[in-house]
Amino acid sequence: VINGACRADSPEALMRSRYTAYTEANGSYLAHTQQEAMSEVERSELERWSKSVFWLGLEVVDAKIPSQEAAEGVVEFRARYLEGSNEVCLAERSQFRRTQDGWIYVDGKPSVRRTSVDRNGPCPCGSGKKFKKCHA
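Residues numbered from 1 in each chain as written. Predicted model: local features only at pLDDT ≥ 70, side-chain atom pairs only at ≥ 80, totals over all residues. Heavy atoms only, no water.

(A) Layout of the layout of surface pockets. The calculated volume of the largest pocket comes to roughly 540 Å³. Considering the residues around the largest pocket, the lining is formed by 24 residues, among which Arg18, Tyr22, Leu46, Glu92 and Tyr105 are closest to the centre. Only helix H1 (11-23), helix H3 (40-52), strand E2 (72-83), strand E3 (86-99) and strand E4 (102-108) provide two or more residues apiece to the lining of the largest pocket. Across the lining of the largest pocket, the residue classes tally to 15 nonpolar, three polar and six charged. (1 Å grid on protein atoms, 1.4 Å probe; cavity = no way out; pocket = protein on both sides within 12 Å on 5 of 7 lines; lining within 4 Å. Points joined across faces, edges and corners; volume = space filled by probe spheres on them. Helix = DSSP H or I, 4+ residues; strand = E, 2+ residues; numbered from the N terminus. Nonpolar A, V, L, I, M, F, W, Y, C, P; charged D, E, K, R; others polar.)

Have a look at this one:
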């Protein structure tokens, strides 16, 4: 989907492809798949930030699967990443809208929870190493 070979056929598919775009710092795809316009400066800042964190995973909590005729959809998700010595969990209930070109992200209200990672504790990435030997 990200390479343009096909379009996301549901809000959940678009959410998953947008998460992948974040992990690849693909600001162009993110800008193309959202309703609100993004300036070049905003895209550049988003790409720089996306490269500065280590992505841990995406969990889709709930996805309202619309009918073929539905014009709107909702996806609730949790995305986790490491930012410095913090494990961050971003939770959001996102709104999507169908257009002629497929689904687009409209908006959502994110909730962010930061947890400090113990340097001598296990790394949240699942490597089995201590955090200080892995991502610190």
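(B) Molecular detail of the nonpolar core. Counting 19 residues, the largest nonpolar core has Leu14, Met15, Trp55, Tyr81 and Phe96 as its most contacted members. In contact with tyrosine 81, not counting residues within four places along its chain, are Trp49, Val53, Phe54, Trp55, Leu56, Asn86, Glu87 and Val88. Residues Leu82, Val117, Cys123 and Phe131 belong to the second largest nonpolar core, which totals five residues. (Core = buried A, V, L, I, M, F, W, Y, C linked by side-chain atoms within 4.5 Å. Buried < 20%, exposed > 50% of the residue type's maximum accessible area, 1.4 Å probe, protein only. Contact = heavy atoms within 4.5 Å.)

(C) Spotlight on the pairing of E4. Bridge count between E3 and E4: six bridges; the pairing is antiparallel. Within E4, the position partnered with threonine 99 by the bridge is glycine 102. (Pairing = 2+ DSSP bridges.)

(D) A negative patch on the surface, seen in detail. Side chains of Glu36, Glu42, Glu45 and Asp107 sit close together on the surface and give a patch of like negative charge. By the secondary structure assignment, aspartate 107 is in strand E4. Its relative accessible area of 40% is what places aspartate 107 among the partly exposed residues. (Patch = residues over 30% accessible without salt bridge, like charges linked within 9 Å, V, L, I, M, F, W, Y side chains within 5 Å. Areas by Shrake-Rupley, 256 points an atom, 1.4 Å probe, with all protein chains shown as cover. Salt bridge = Lys/Arg side-chain N within 4 Å of Asp/Glu carboxyl O. Lys, Arg positive; Asp, Glu negative; His and termini not counted. Charge placed at Lys NZ, Arg CZ, Asp CG, Glu CD.)

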